[in-house]
Each structure stands twice: as C-alpha cells, then as structure tokens.
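# Close look at the chain arrangement
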Amino acid sequence: EAGVVQSPRYKIIEKKQPVAFWCNPISGHNTLYWYRQNLGQGPELLIRYENEEAVDDSQLPKDRFSAERLKGVDSTLKIQPAELGDSAVYLCASSHLAGRSYNEQFFGPGTRLTVL
Amino acid sequence: KNQVEQSPQSLIILEGKNCTLQCNYTVSPFSNLRWYKQDTGRGPVSLTIMTFSENTKSNGRYTATLDADTKQSSLHITASQLSDSASYICVVPIGNEKLTFGTGTRLTIIP
C-alpha cells in the first residue's frame, strides 16, 4: 500500500512569492490533515478535512494561507505571499477511523519550504 | 492547558546501549498516547499507541509504558542501533482527533 505522497519535497522561494504544496493521501482515507513543523518543534495542525469539508481550520492563517480538497481526495495548501517566518516543513497526514477507538494518522515525508 | 513535555531534549548514546525517553502530559480528557519516530527529512511514523487501560506495549526493541495516574509515559529502546538515530515524539490526542505533540527527544546513536 502506498503511503501519503507529497510534492515537492523541497522548495526555495523569495519572500512575497506564492507557493503551493500538494498531498495525495492513502487510498480510502477520508480525513486529511496539513501540519506545519518548525525546526526542533512538534507539528502544529493547520487544517483538517473530512472528505472535502474543512472541519477545523482554526489555526490556519487565513490572510495568506488557503487550502482545498476537491473531490475529497488530493489536497493543495497555498501560501500567498510567503513571508520569512513561513520557512518550515509542511506535513500532510491522512487517517481512516475504520471502527477503531482511535484515529491513527499516517504522515507523508513533508515539503521543506525555505523563504529567502 | 493541554501540554505534552518530553525529556531529555537530546540524548547521545553508544550503539548497543539501552535508553529511556520520558513524556509527561496534562491533556484532558485522555484517550490514548502515541510515540512517533521521525527520521531526519521524513514524516513521523507511529511506533506505539497506548490506550487508557494499557500499562506497557512493545514493538520490537521499543517498549512503551503508560501511567495514567501520574500522566507519564516512557519509551525504552533496547540494544540501540545506528538506525535508531531520530527524533522521538510523544503525542496525546485531545478527544479523538486533535493531536498535541511534544517537542521531541533528539536521539543520536554513535558507533
């Protein structure tokens, strides 16, 4: 079974430029998460989707960040314009409750963004 | 405030030695606790998930313990290998969805 796929793996841009990250979750997983992980820190949730609906976007900086999950499968996270402080690893994760009492999340390899 | 604290922040041990990583949490209500391993440049990978009723759980050379009364967990690594070099993150969900991540312990195994 293929894991969570993310692209690109690395991205270097100048500040004020736009950038987009793509995530393909594990097949059959209806829940998709975007996290931001700063160096030496744990991941922080940006947005959670249940199918195509964003059910928790309280931590998403909506002035510059946007996300979409058309058709409830792939997802795209966009930053426009990027700021120096946006440099981080952006992780995508997916999960499927499937009758269990807990919701195990499977993470992709992440996209490392560097804003110059 | 829901928090997960880990110690030590970093650890260096010789290959073949054992080590124990600690996690204290204040998340409530509690449902389960997870340990993840994150290799450099990779996403976190689940090692164990422990529910309220479980005191210990093993996954190969990794053994996790949970004391729900004191709200502490430990991850013991036996006979460490070079491939164990990674960050180990303790994670406690709020409810069943929102994960509260610790800042991790950076483990380095030296030959």
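For the structure itself, look to the data block above.
Since this is a predicted model, take the numbers as computed values, not measurements.

Thresholds, definitions, all that
- Residues numbered from 1 in each chain as written.
- Chains lettered and ligands numbered in written order.
- Predicted model: local features only at pLDDT ≥ 70, side-chain atom pairs only at ≥ 80, totals over all residues.
- Heavy atoms only, no water.
- Helix = DSSP H or I, 4+ residues; strand = E, 2+ residues; numbered from the N terminus.
- Rg over C-alpha atoms; globule rule 2.2 N^0.38 Å.
- Areas by Shrake-Rupley, 256 points an atom, 1.4 Å probe, with all protein chains shown as cover.
- Lys, Arg positive; Asp, Glu negative; His and termini not counted.
- Charge placed at Lys NZ, Arg CZ, Asp CG, Glu CD.
- Contact = heavy atoms within 4.5 Å.
- Buried area = accessible area lost by both parts, 1.4 Å probe.
- Salt bridge = Lys/Arg side-chain N within 4 Å of Asp/Glu carboxyl O.
- Polar contact = N/O pair within 3.5 Å; in protein donor to acceptor, adjacent residues only side chain to side chain.
- Nonpolar A, V, L, I, M, F, W, Y, C, P; charged D, E, K, R; others polar.
- Phe/Tyr/Trp six-rings, centres within 6.5 Å; stacked < 30°, edge-to-face > 60°.
- Buried < 20%, exposed > 50% of the residue type's maximum accessible area, 1.4 Å probe, protein only.
- Lys NZ or Arg CZ within 6 Å of the ring centre and 35° of its normal.

Looking now at the overall build of chain B. Per the secondary structure count, chain B includes 0 helices and 11 strands. Listing each helix as α and each strand as β along chain B from the N terminus yields β-β-β-β-β-β-β-β-β-β-β. The globule rule puts the C-alpha radius of gyration for 111 residues at 13 Å, and the 13 Å found for chain B is close to it. Along the first, second and third principal axes, the C-alpha atoms of chain B reach 40 × 25 × 20 Å. Accessible surface computed for chain B: about 5,200 Å², of which carbon and sulfur atoms make up 50%. Mean positive and mean negative side-chain charge positions of chain B (10 and 8 charges, respectively) differ by 5 Å.

Next up on the list: the interface of chain B and chain A. Counting residues at the interface gives 19 residues for chain B, matched by 23 residues for chain A. Around 1,600 Å² of area is buried between chain B and chain A when both sides are counted, 50% of it from carbon and sulfur atoms. Viewed at the interface, chain A and chain B are joined by 0 salt bridges. Remark: the boundary between chain B and chain A carries 4 residue pairs in polar contact (both at pLDDT 80 or more). Mapped onto the side of chain B that touches chain A, the elements with two or more residues apiece are strand 4 (32–38), strand 5 (45–51) and strand 10 (98–101) of chain B. Take the side of chain B that touches chain A: its biggest share by element is 4 residues, from strand 4 of chain B. The residue inventory of the side of chain B that touches chain A, partitioned by class, reads 6 nonpolar, 9 polar and 4 charged.

Moving on: the packing of aromatic side chains. Under the criterion given, the structure shown has 10 aromatic pairs over all chains. Ring geometry for Tyr 35 of chain A versus Phe 107 of chain A: centroids 5.4 Å apart, planes at 40 degrees, classification tilted. Taken together, the positions of Tyr 35 of chain A in strand 4 (residues 31–37) and Phe 107 of chain A in strand 10 (residues 106–107) put the pair 72 residues apart, joining distant regions of the chain. What makes Phe 107 of chain A buried here is its relative accessible area of 11%. Judged by centre distance (5.6 Å) and plane angle (90 degrees), the ring pair of Phe 107 of chain A and Tyr 36 of chain B falls under edge-to-face. On the criterion of chain membership, the pair formed by Phe 107 of chain A in strand 10 and Tyr 36 of chain B in strand 4 is interchain, its members lying in two chains. Positioned over the ring face of Tyr 62 of chain B is Arg 61 of chain B, at 5.7 Å from the centre of the ring.

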